[in-house]
Amino acid sequence: MAERTVTAITVEVPSYTDAFSGHMGQIIENAVQTSLRAFLRLATRPEDADPGTLFPAIEGAYELGRGEARQGRTIDALLAAFRVGARVAWQELSATAVAAGLPASTIARFAELVFAYIDELSASSVSGHADELATTGRARQRYLDRLSLDLLAGEPVATLLTDAEQVGWKPPDTLTAVLLPLAQTRGLAAQFGQSTLQLAEDLPGVDAAQALAVLLVPDIGRRQLLTSLAARKAVVGPTRPWTDVRSSYNRALRARDLLGDNIINVVDTDDHLVELVLGADLEAARDLRARALAPLAELPPNTVDKLTETLRSWVLHQGRREAVAADLFIHAQTVRYRMSQLRELYGERLSDPRTVLELTIALGLDGTPGAELVETAAADRGRT
């Protein structure tokens, strides 16, 4: 019966056409024989006998399910094999029962036992198959997490290649780091492709309480990436060669720290390069501002606001009076008057390219009111 069962399965279930050949075929045939013996013991035992009779067969079915998952076969193929096996076994068993003259009620009970037994084996194999896939998935995710951490840590290329090979991850040409709330990551990794890496724990430079995640997105056009992230509070770093994605992540991290609560939609760090450069050393920026605005420190707040507004426009418009007047919606003569005041305060320094550069950085890229700038500068000076 075991031989006939194996033969029927190889004929009727394509996935097993070559699986039972040679040594493997003998092992599986022995497993079928073990299952049949366990069933016969079940069918002939007294009602009060130890139910442990089934355990070896159930455990064998569980391991069979795990083995099938390791071989890459689906649970559907295995369940089809069980159905074929059940049919062949019942054909043989029922023929013997009829030939022995058993009553119809006994044969019916016998049939119930056969198919209940197959159901038990099938359920055990399904559990084994699912457990193996889960175990394999968890192990693979651990390897992917390690690869992601090594990428963000800037580990040597040899280490990264070893990580990638171990998990079967094919390195893309480029990666782009995307930093966003963990709650907004659902479905994104699958949308960007199987090579996308996602990490939500132990992110470098991130407090766990922030509940952030990073996606390392491979080989994607920037416009497509930004469109896909629309309406999410995502910060997108620059696209880099895959081994240098650490720099993309660090820039996204700095941009998030710089913008803080101002992030309401996707942020492209390429659009904030100036702010990132100026925010790279906040202490140096404060010192520069203190020195650039020192001549205004003794003026009344209202005067400071007007003069800093004029000075900001003047440096940004390269001294073009009409452009400054249009920018500030004031008369050109007012611009002339204010600039006269500023020249008295700054003297020849307003003609010095280095001073103009410092003023451009201190004023041209900052929307803070002038009085507050001067107050901050004075406070900074005091701390110094």
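Given the structure is predicted, the values throughout are model-derived calculations rather than measurements.

It is worth spelling out the overall build of the protein chain at this point. Scanning the protein chain from N- to C-terminus turns up 16 helices and five strands. Buried positions account for 40% of the 384 residues belonging to the protein chain. In the protein chain, the share of contacts with a sequence separation of at least 24, taken over all contacts with a separation of at least 6, comes to 70%.

Moving on to the environment of Leu64. Here Leu64 shows up in helix H3 (residues 55-70). In this structure, the C-alpha to C-alpha distance between Leu64 and His129, residues 65 residues apart in sequence, is 8.0 Å. Filtering out sequence-adjacent residues up to four positions away, Leu64 remains in contact with Leu78, Phe82 and Ser125.

Bringing the sheet that holds strand E5 (residues 267-268) into the picture now. Taken in spatial order, the five strands line up as E2-E3-E1-E4-E5 in an open sheet, and their pairing is mixed. The open sheet has two edge strands with one neighbour each: strand E2 (197-199) and E5. Relative to E2, helix H5 (residues 104-153) is tilted by about 85°, and along the sheet it contacts strand E1 (174-181), E2 and strand E3 (212-218). In this fold helix H9 (residues 245-259) packs onto E1, E3, strand E4 (235-241) and E5, with an angle of close to 160° to the strand it touches most, E4.

Next up on the list: the confidence of the model for the protein chain. Averaged over every residue, the pLDDT of the protein chain is 83; the share at 70 or more is 90%. Taken element by element, the predicted model of the protein chain shows its lowest mean pLDDT in helix H16 (residues 370-383) (45) and its highest in E4 (95). Scored below 50 in pLDDT, residues 367-378 shows 22 contacts in the model against residues more than four places distant or in partner chains. Contacts for the low-pLDDT stretch residues 380-384, under 50 throughout, to residues beyond four places or in other chains number seven contacts.

Moving on, we get to unusual backbone geometry. Phi angles above zero are rare outside glycine, and Ala231 is one such case at about 75°. Take Ala231: it is sitting in the loop between helix H8 (222-228) and E4. Phi at Gln318 is positive, roughly 55°, even though this residue is not glycine. Relative to the elements of secondary structure, Gln318 occurs in the loop between helix H12 (301-316) and helix H13 (321-328). Overall, the relative accessible area of 67% leaves Gln318 in the exposed class.

As a further point, take the pairing of E1. For a regular strand, side chains alternate in direction, first toward one face of the sheet and then toward the other. Most of E1 is tucked away: seven of the eight residues are buried. As judged from the five bridges shared by E1 and E4, these two strands associate in the antiparallel manner. Counterpart to Leu179 in the pairing with E4 is Val235. Relative to E3, E1 runs antiparallel, the two being bridged by seven bridges.

Moving on to the pattern of salt bridges. A full pass over the atoms with the stated rule returns ten salt bridges. Across the pair Arg222 and Asp270 runs a salt bridge whose closest N-O atoms are separated by 3.3 Å. Note that Arg222 is positioned in helix H8 and Asp270 in the loop between E5 and helix H10 (273-278), a separation of 48 residues in sequence. Here Glu358 ties to Arg291 by a salt bridge, and the two come within 2.6 Å at their closest N and O atoms. Taken together, the residues Glu358 in helix H15 (residues 353-364) and Arg291 in helix H11 (residues 282-292) connect sequence positions 67 residues apart. Arg291 sits in the partly exposed class, given a relative accessible area of 49%. A cluster of three or more residues bridged by salt bridges with shared partners is formed by Arg222, Asp268 and Asp270.

Taking 1.5 Å of rise per residue, 15 residues should cover 21 Å, and helix H14 (residues 332-346) covers 21 Å from first to last C-alpha, within 8% of that figure. All of the buried residues along H14 are Ala332, Val335, Arg338, Met339, Leu342 and Tyr346. Buried residues of H14, viewed axially, fall in a sector of 120°; they line one side. Exposed positions of H14 whose direction lies more than 90 degrees from the buried face are Tyr337 and Glu344. Note on H14: the residue one or two positions beyond its end, Gly347, has a positive phi of about 65°.

Our focus in this paragraph is the packing of H12 against H13. Closest axis-to-axis distance for the H12/H13 pair is 9 Å, and the angle between their directions is 130°. Judged by the angle between their axes, H12 and H13 are oblique. With respect to the hand of their crossing, H12 and H13 are arranged in right-handed fashion. Residues Glu309, Thr310, Ser313 and Trp314 of H12 form the contact with H13, whose own contacting residues are Val324, Asp327 and Leu328.

Using the criterion set out here, one finds five aromatic pairs in the structure. Taking 5.8 Å as the distance between ring centres and 25° as the angle between the ring planes, the aromatic pair formed by Phe39 and Phe110 counts as stacked. Separated by 71 residues along the polypeptide, Phe39 in helix H2 (residues 22-44) and Phe110 in helix H5 bring together distant segments of the chain. Phe110 sits in the buried class, given a relative accessible area of 16%. For the ring pair Trp90 and Phe110, a centre distance of 5.9 Å and an interplane angle of 70° mean the geometry is edge-to-face. Residue Trp90 is found in helix H4 (residues 75-99), and its partner Phe110 is found in helix H5; the two are separated by 20 residues along the sequence. The pair Trp90 / Phe110 is uniform in exposure class, with both members buried. Three or more aromatic residues joined by ring pairs make a cluster, and in this case those are Phe39, Trp90, Phe110, Phe115 and Tyr117.

The rules behind these values
Residues numbered from 1 in each chain as written. Predicted model: local features only at pLDDT ≥ 70, side-chain atom pairs only at ≥ 80, totals over all residues. Heavy atoms only, no water. Helix = DSSP H or I, 4+ residues; strand = E, 2+ residues; numbered from the N terminus. Buried < 20%, exposed > 50% of the residue type's maximum accessible area, 1.4 Å probe, protein only. Contact = heavy atoms within 4.5 Å. Pairing = 2+ DSSP bridges. Axes fitted to C-alpha atoms, helices over the stretch in contact; angles between N-to-C directions. pLDDT = per-residue confidence, 0-100. Salt bridge = Lys/Arg side-chain N within 4 Å of Asp/Glu carboxyl O. Expected span 1.5 Å × (residues − 1). Arc of directions from axis to C-beta. Parallel < 35°, antiparallel > 145°, perpendicular 65-115°, else oblique. Left-handed = near helix turned anticlockwise from the far one by under 90°. Phe/Tyr/Trp six-rings, centres within 6.5 Å; stacked < 30°, edge-to-face > 60°.

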